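What the coordinates show
This is what each chain is made of:
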Amino acid sequence: MDFELDSEQQLLRDTTRDLLARSYDAEKRNQVVATDLGWSREVWGKLAEVGLLALAFDEEDGGMGAGAVEISAVLTEVGRRLAPEPILDCVLAPGGLIADVGTVEQRGRILPGVAEGTTLLAFAHQEPGSRWPALDVSTKAGRDAQGWTLTGRKNPVGHGDCADLIVVSAALPDGGVGLFLVDAGADGVRRHGYSTHDGLRGAQIDLDGVRAEPLGGEPVDTSAHIDAATIRTQAALCAEAVGAMEEALRLTTEYLKTRKQFGVPLAKFQTLTQRAADMYVSLELARSMNLYLTMSVADGRLDPVVAARAKVQIGRSARHIGQESIQMHGGIGLTDEYPVGHYVSRLTAIEHTLGGTADHLQVLSSRLRDYSLVEF
Amino acid sequence: MNLALSDEELAFRDELRTIYTTQIPAEIRERIRTGAELTREDWVTSQRTLNAHGLAVPNWPVEWGGKDWTPTQRHIWLDEMQLASVPEPLTFNASMIGPVIAQFGSQEMKERFLAPTANLDIWWCQGFSEPEAGSDLASLRTTAVRDGDEYVVNGQKTWTTLAQYADWIFALVRTDPDAPKKQAGISMLLVDMQTPGVSVRPIKLIDGGYEVNEVFFSDVRVPADQLVGEENQGWSYAKFLLGNERTGITGVGRTKVRLAVAKERAEQVRTASGTLLDDPLFAARFAEIENELIALELTQMRVVSGPVNGKPNPASSVLKLRGSELQQAATELLVDIAGPDSLPLRAGDDIASPRWAQRSAPTYLNYRKVSIYGGSNEVQRSIISSTILGL
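Throughout what follows, the structure given in this document is the object of discussion. Fair warning: this is a prediction, and the values are worked out from it, not measured in the lab. (Residues numbered from 1 in each chain as written. Chains lettered and ligands numbered in written order. Predicted model: local features only at pLDDT ≥ 70, side-chain atom pairs only at ≥ 80, totals over all residues. Heavy atoms only, no water.)

1. Re the overall build of chain A
Rules: By definition, any uninterrupted DSSP run of H or I lasting at least four residues is a helix, any uninterrupted run of E lasting at least two residues is a strand, and each is numbered from the N terminus. Restricting the calculation to C-alpha atoms gives the radius of gyration, and the globule rule supplies 2.2 Å times the number of residues raised to the power 0.38. A simple rule labels every residue: compare its accessible area, found with a 1.4 Å probe on the protein chains alone, to the largest value its type can have, and call it buried under 20%, exposed over 50%, or partly exposed in between. The contact criterion used is simple: two residues touch if any of their non-hydrogen atoms lie within 4.5 Å. All accessible-area figures derive from a Shrake-Rupley calculation using a 1.4 Å probe, and residue coverage is judged against the displayed protein chains alone. When charges are counted, Lys and Arg contribute as positive and Asp and Glu as negative, whereas His and the chain ends are disregarded. A charged residue contributes its charge at one atom only: NZ of Lys, CZ of Arg, CG of Asp or CD of Glu.
Of regular secondary structure, chain A possesses eleven helices and nine strands. Taken over C-alpha atoms, the radius of gyration comes to 21 Å for chain A, in line with the 21 Å a tight globule of 376 residues would show. Over its C-alpha atoms, taken along the principal directions, chain A stretches across nearly 80 × 55 × 40 Å. Of all 376 residues assigned to chain A, the portion counted as buried reaches 58%. Relative to all contacts within chain A whose residues are 6 or more apart in sequence, the contacts with residues 24 or more apart total 74%. Total accessible area on chain A stands at roughly 15300 Å², and carbon and sulfur atoms take up 48% of it. Separation between the mean location of the 36 positive side-chain charges and that of the 52 negative ones in chain A comes to 7 Å.

2. Points about the overall build of chain B
Across its full length, chain B carries twelve helices and nine strands. Over its C-alpha atoms chain B spans a radius of gyration of 22 Å, differing by no more than 12% from the 21 Å that the globule rule assigns to 391 residues. Its C-alpha atoms give chain B principal-axis dimensions of roughly 75 × 50 × 50 Å. The buried share of chain B, taken over its 391 residues, is 53%. For chain B, the proportion of contacts with a sequence separation of at least 24, taken over those separated by at least 6, is 70%. Accessible area for chain B stands at about 16800 Å²; split by element, carbon and sulfur atoms hold 51% of it. Taken together, the 39 basic and 51 acidic charged side chains of chain B have centroids lying 3 Å from each other.

3. Notes on the state of the cysteines
What counts, and what does not: Two cysteine sulfur atoms form a disulfide, by the criterion used here, when they sit within 2.5 Å.
Applying the stated criterion across every chain, the model contains zero disulfides over all chains. The thiol of A:Cys162 is not disulfide-bonded; the next cysteine sulfur, from A:Cys90, is found 4.1 Å away.

4. Let's talk about the interface of chain A and chain B
The test is simple: Buried area: the accessible area, evaluated with a 1.4 Å probe, that two parts lose upon being put together, summed over both parts. One speaks of a salt bridge when a side-chain nitrogen belonging to Lys or Arg is within 4 Å of a carboxyl oxygen belonging to Asp or Glu. Here a polar contact is recorded for every N or O atom pair within 3.5 Å, except that within protein the pair must consist of a potential hydrogen donor and a potential acceptor, and residues adjacent in sequence are included only if both atoms are side-chain atoms.
Contacts between chain A and chain B engage 44 residues on the former and 50 residues on the latter. When the two sides are added together, the surface that chain A and chain B hide from each other amounts to roughly 4400 Å², 66% of it contributed by carbon and sulfur. Here chain A is connected to chain B by five salt bridges. Linking chain A with chain B are 17 residue pairs in polar contact (both at pLDDT 80 or more). The set of elements that each furnish at least two residues to the side of chain A that touches chain B consists of α7 (223-258), α8 (270-298), α9 (304-329) and α11 (357-365) of chain A.

5. Notes on the environment of A:His320
Residue and element names in this part refer to chain A. Here His320 shows up in helix α9. Residues His320 and Glu77, spaced 243 residues apart in sequence, show a C-alpha to C-alpha distance of 21 Å. Contact partners of His320, with chain neighbours within four places excluded, come to Asp278, Met279 and Ser282.

6. Details of the layout of surface pockets
Residue and element names in this part refer to chain A. Short version of the rule: Lining residues are those with an atom within 4 Å of a point, where the points come from a 1 Å grid over the protein atoms alone and group into cavities, where a 1.4 Å probe fits but cannot get out, or pockets, open sets with protein on both sides within 12 Å along at least five of seven lines. Grid points are joined across faces, edges and corners, and a volume is the space filled by probe spheres set on the points. Note on residue categories: nonpolar means Ala, Val, Leu, Ile, Met, Phe, Trp, Tyr, Cys or Pro, charged means Asp, Glu, Lys or Arg, and polar means any other residue, Gly included.
Roughly 800 Å³ of internal volume is contained in the second largest pocket. Taken together, 36 residues make up the lining of the second largest pocket; nearest its centre are Asp89, Pro156, Val157, Gly158 and Thr353. Looking at the lining of the second largest pocket, the elements that each hand over two or more residues are α4 (68-81), α5 (87-101), β3 (147-158), β7 (201-214), α7 and α10 (340-351). Take the lining of the second largest pocket: its biggest share by element is six residues, from α7. Its residues placed into classes, the lining of the second largest pocket shows 19 nonpolar, eleven polar and six charged.

7. Thoughts on α7(A)
Because each turn of an α-helix spans 3.6 residues, side chains separated by three or four positions end up pointing in the same direction. Defined as follows: By this rule, a helix spans an expected 1.5 Å times one less than how many residues it contains.
The end-to-end C-alpha distance of α7(A) is 52 Å, a good match for the 52 Å that 36 residues give at a rise of 1.5 Å each. α7(A) sits mainly inside the fold: 27 of its 36 residues count as buried.

8. Observations regarding the pattern of salt bridges
Residues and elements named next belong to chain A. With the rule as written, the count across this model stands at 50 salt bridges over all chains. A salt bridge links Glu105 to Arg109, with the shortest nitrogen-to-oxygen separation between them at 2.7 Å. Residue Glu105 and its partner Arg109 are located together in helix α6 (residues 104-116), separated by four residues, close to a single helical turn.

9. Regarding the packing of aromatic side chains
Inclusion rule: Ring pairs are drawn from Phe, Tyr and Trp, using the six-membered ring of Trp, whenever the two centres fall within 6.5 Å, and their geometry is named by plane angle: stacked under 30 degrees, edge-to-face over 60, tilted for the rest. Counting as a charge over the ring demands two things of the Lys NZ or Arg CZ atom: a distance within 6 Å of the ring centre and an angle within 35 degrees of the ring normal.
A full pass over the atoms with the stated rule returns 15 aromatic pairs over all chains. Between A:Phe262 and A:Phe269, the ring centres sit 6.1 Å apart and the planes meet at 70°, which makes this aromatic pair edge-to-face. Looking at A:Phe262, the relative accessible area reads 78%, which means it is exposed. We classify A:Phe269 as partly exposed; its relative accessible area is 28%. Ring geometry for B:Phe104 versus B:Phe240: centroids 5.2 Å apart, planes at 85°, classification edge-to-face. Of this pair, B:Phe104 sits in helix α5 (residues 91-104) while B:Phe240 sits in helix α7 (residues 234-248), and the two are 136 residues apart along the sequence. Judged by its relative accessible area of 28%, B:Phe240 falls in the partly exposed class. Through a chain of ring-to-ring contacts, the aromatic side chains of B:Phe113, B:Trp124, B:Phe128, B:Trp168 and B:Phe170 assemble into a single cluster. The positively charged end of A:Lys28 is found above the aromatic ring belonging to A:Tyr24, 5.8 Å away from the centroid. Sitting above the plane of the B:Tyr367 ring, B:Arg258 keeps its charged end 4.7 Å from the centroid.

10. Details of a negative patch on the surface
Residues and elements named next belong to chain B. The test is simple: Like charges within 9 Å and nonpolar side chains (Val, Leu, Ile, Met, Phe, Trp, Tyr) within 5 Å are joined into patches, using only residues over 30% in relative accessible area that form no salt bridge.
On the surface, Glu63, Glu108, Glu111, Asp149 and Asp225 cluster together into a negatively charged patch. As for its position among the elements, Asp225 is in the loop between β7 (210-223) and α7. Classification of Asp225 as partly exposed rests on a relative accessible area of 42%.

11. Observations regarding unusual backbone geometry
A cis amide bond links A:Trp132 to the next residue, A:Pro133, at an omega of 5°. Following A:Asn155, the chain continues to A:Pro156 via a peptide bond in cis, the omega torsion being -10°. Among the structural elements, A:Pro156 can be located in strand β3. With phi around 55°, A:His159 is a residue other than glycine that occupies positive phi space. Mapping A:His159 onto the fold places it in the loop between β3 and β4 (165-171). In this structure A:His159 comes out as buried when scored by relative accessible area, which is 2%. Non-glycine residue B:Trp159 carries a positive phi angle of around 60°. Looking at where B:Trp159 falls in the secondary structure, it is placed in strand β3 (residues 150-161).

12. Structural notes on α10(A)
Its twelve residues place the ends of α10(A) 17 Å apart at the C-alpha level, agreeing with the 16 Å of an ideal helix rising 1.5 Å per residue. Turning to α10(A), the residues buried within the fold contact α2 (26-33), α4, α7, α9 and α11 of chain A.

13. A few points about the pairing of strand β2 (residues 143-147) of chain B
All names here are of chain B. Our working rule: In this scheme, strands are said to pair when DSSP sees at least two bridges between them.
Here five bridges tie β2 to β3, and the two strands are oriented antiparallel to one another. Of the residues in β3, the one forming a bridge with Arg146 is Tyr151. Linking β2 back to β3 in an antiparallel pair, the connection comprises two residues, with Gly148 at a positive phi of about 65°.

14. Quick word on the nonpolar core
Cut-off, in case you're wondering: Remark: nonpolar core denotes a set of buried residues (Ala, Val, Leu, Ile, Met, Phe, Trp, Tyr, Cys) joined through side-chain atoms within 4.5 Å.
If you look at the biggest cluster of nonpolar residues, it comprises 135 residues, and the most contacted ones within it are A:Trp44, A:Leu47, A:Met245 and A:Leu293. The dominant element in this core, judged by the number of residues it contributes, is α7(A), at 16 residues. Residues contacting A:Trp44, with those up to four places away along its chain left out, are A:Trp39, A:Leu53, A:Glu85, A:Pro86, A:Ile87, A:Cys90, A:Val91, A:Gly117 and A:Leu120. Judged by nonpolar contacts, the second largest core, of 71 residues, contains B:Ile19, B:Ala56, B:Leu78 and B:Tyr151.

Here you go:
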């Protein structure tokens, strides 16, 4: 058993941490988030330069062949700095599906550009009225003389506003859910972009008879691939949340040490320090569960129960740490200018992506009869 | 990173599992599993069997019966013991005074005490807390005054667990009332419970049982060679001892077994729409406790497998705090499952309320202790906030 990063992984973590620390402070992030794009192409270029966008792809697809542990290490740093660059939405999640399902030709055509940062992807899967785990797909794939077309509505699509190429899930005529590539500029694509409450971007994407290219050549049921991608994305989100919680707690302890009231630092009040200790406990439990999920994915064990264990713990920890962080800061914690509230917003958004705490607890509670003694 | 145990560790685990499940009497293990009380003889039988297999005191120096195990092996030893419902070696002997004597005692003291301590030929109790010295242990008042080759001890200890079974007590006493810091005037003495002037008075607890006592010392004459280490160094020995206590208190394996038992019980409780285990609110609560336990277990594994650099892993402070809370959550669950059958107290087998249900409320009430002893959870939080968060 070994829960530590090896030296190469530590180097990757440190490189990411340094790059993002040089790129962002709270003020700079607020400026970037306020732009139309919502993130920085300059920072994106730097991420590509050091190879962070190529991380997860095979070497023959222009990538670095890294696994879940490396992805987790990078995403934790993204969370720590609250970097708005869409590494998960525009590279890892949709890129992972192309790598998984795409033909050699498709991978060779698309992934090198993604790894270099020149092509932005998105994964359009969720639809109005459906929520995890019952992500029913009603977008329809149809075939005519020229090939395949898609019709339906996808929302929310993380960073669907800026993507060049969209991976879209759609119900196949003979049953099953296929994956298709759609050019964001194609006829019949209508995008309604928006900001999300955490400062990131999303879009509703309406498809009306849009020309689409089946991922993997002939369309087949890809539900298993989508499920696997979902767990990988949940793992990445959990890692990001751990970084965000760590920083929220760090900001809070700094504040308790420096902010004076009644002539003394807030850290003199045990009613606050005892609660800060509980926040630390929540953080460590979340970190343990994130490592568990990360290592499971790295071992090829894409198990929804493991993902649920991590999502439940991280959801609970995130609410606890988030709410206490703001409370212990007082009014300043609610301001746009001060960073802690933005961490809480991001943690809240993560919780509501790919299943909330209650949804995942339902996964666990419905399986109680499967075993006597609980084990990991 | 790697989540799996090595092949050697798996073989080690299987070997222990076999010893635990074949050598320790089944009726003792069943009593542990279901939370029934153990007799003094049960404890002694179990520890002597473990000791005969070299498994009572692996944390001691090899010279005195310990094993040169890795932290992971030690973890497996304890975890498997708990999962097999084997009574753990008496903590006062195996985790507290044994390691202290092995570390700080004279050669003569080691030869005299360590072997019978490992074999539970001597049953030790802990004389630390006093009526005015709880979490603030250093303010203890029991005095020991040197008189020739003896110390004369006067004062009172309290919360002394199982003193009614004990042959000896290790006690913190004040030997220098004028020391500049109150911690600096404390020594540790070993006292035979049969010495004239030692008396024990039981404290009846809310669960109706006797497990703690008051111990009084009235002009008790203790041979000076029963002083551990040096005079006035007792506080550092006590800190060493309490550090050992905290890591052993997590109890993940024990709580897992208790939850498995609770699940069996819940499946037998009928509700309007099935059994209690089918009730969505109950199932959610159960699943949440299980999940919290897994998170704690993984945290413990991080601590156990972490790099050894002389510094304790900061996450280890989480273990006592969460471990005690989850032990309490499990006993609370059981009393809620028992419901109205938890009302009769020690009414025997002649009524419809089963024995386990009759035990559930006393156990629930009794387990409020685990967040109080071994450094109360508030003390643990203070340790986290000061040493980890720097507050």
